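# Close look at the chain arrangement
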Amino acid sequence: MKKIILTLLFLSTITPANHDILKSAIFPGWGQLSMQQPDRAKSFFIRESAILLTFIGSRYVKEWYEDDYKAFARSHANVNTANKSYQYYVDMGNYMSLEEFNSAKDRRREVHLKYNGETGYNWEWDTESNQDKFDKMRITSATGKKVTSFAVGALITHRIISMIDVLYFKRKTSKVRMTSSLIPMNKDELVFNISLKF
């Protein structure tokens, strides 16, 4: 709900005269293209395409490897993968069996972290190499998830940069010039000076 309200507030601040800013928010480079700046638009289009490809690829890797490591665990550790947390899979990758895991938690006095084998949390790897293979698939999936998150942040940041670029170019070509300066008066005093030139 907060996102919708913020989006509506943002869109309400953009007047029809500033439609280039909105275009840049939708797809970076579109605003620059409508302002007859094809070179700037091209650079934004290329970066946006690269970020989108990274997002799509990393999401695909995350989902593909997640499905694979869960299926692999069902086959080689005789585990029920329904309704399990990610931490459960991390623990499976670090211990050969539920018994070994629970024993380690007893020794460390972390009994609150133990799993109950009678409630579907039991596992036992057939070989150590399969446990290692599982753990590598899980780590690859987690890396894909992290890259996906960074790509989402990059998509948002890229839109903000494109909008700022449109604003900068509009102000640069405007007849009204605004300058500012900081003037030190003494040790404890600064004067902030703003001037408009028509």
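Remember, it's a predicted structure, so these values are computed and weren't measured experimentally.

## Examining helix α6 (residues 98-107)
Every buried residue belonging to α6 is among Leu98, Phe101, Asn102, Ala104 and Lys105, and all of these are buried. End-on, the buried residues of α6 take up no more than an arc of 155°, which puts them together on one face. Opposite its buried face, α6 presents the exposed residues Glu99 and Arg107, each directed more than 90 degrees away. Those residues of α6 hidden inside the fold are in contact with α5 (86-94).

## Some words on the packing of aromatic side chains
Inspection of the entire model under this criterion finds 16 aromatic pairs. Geometrically, the ring pair formed by Phe72 and Trp125 is tilted, given 6.3 Å between the ring centres and 35° between the ring planes. Linking Phe72 in helix α4 (residues 38-76) with Trp125 in the loop between α6 and α7 (128-173), this pair joins segments that are 53 residues apart in sequence. The pair Phe72 / Trp125 is uniform in exposure class, with both members buried. Ring centres of Tyr88 and Tyr115 lie 5.2 Å apart, and the angle between their planes is 85°; this geometry places the pair in the edge-to-face category. Within this pair, whereas Tyr88 is found in helix α5, its partner Tyr115 is found in the loop between α6 and α7, the two being separated by 27 residues in sequence. Here the two residues Tyr88 and Tyr115 agree in accessibility, since each one is buried.

## Side note on the confidence of the model for the chain
Residues of the chain with pLDDT of at least 70 account for 80%, and the chain-wide mean is 83. Across the chain, the secondary-structure element scoring lowest on mean pLDDT is helix α1 (residues 2-13), at 51, and the one scoring highest is α5, at 93.

## Quick notes on the pattern of salt bridges
Taken as a whole and judged by the stated rule, the model has eight salt bridges. Of the charged contacts in the structure, one is a salt bridge between Asp165 and Arg40, with a shortest N-O distance of 2.5 Å. On the criterion of sequence distance, the pair formed by Asp165 in helix α7 and Arg40 in helix α4 is long-range, its members being 125 residues apart. In this structure, a network of salt bridges that share partners links the residues Lys62, Glu66 and Lys70.

Quick notes on the rules
Residues numbered from 1 in each chain as written. Predicted model: local features only at pLDDT ≥ 70, side-chain atom pairs only at ≥ 80, totals over all residues. Heavy atoms only, no water. Buried < 20%, exposed > 50% of the residue type's maximum accessible area, 1.4 Å probe, protein only. Helix = DSSP H or I, 4+ residues; strand = E, 2+ residues; numbered from the N terminus. Arc of directions from axis to C-beta. Contact = heavy atoms within 4.5 Å. Phe/Tyr/Trp six-rings, centres within 6.5 Å; stacked < 30°, edge-to-face > 60°. pLDDT = per-residue confidence, 0-100. Salt bridge = Lys/Arg side-chain N within 4 Å of Asp/Glu carboxyl O.

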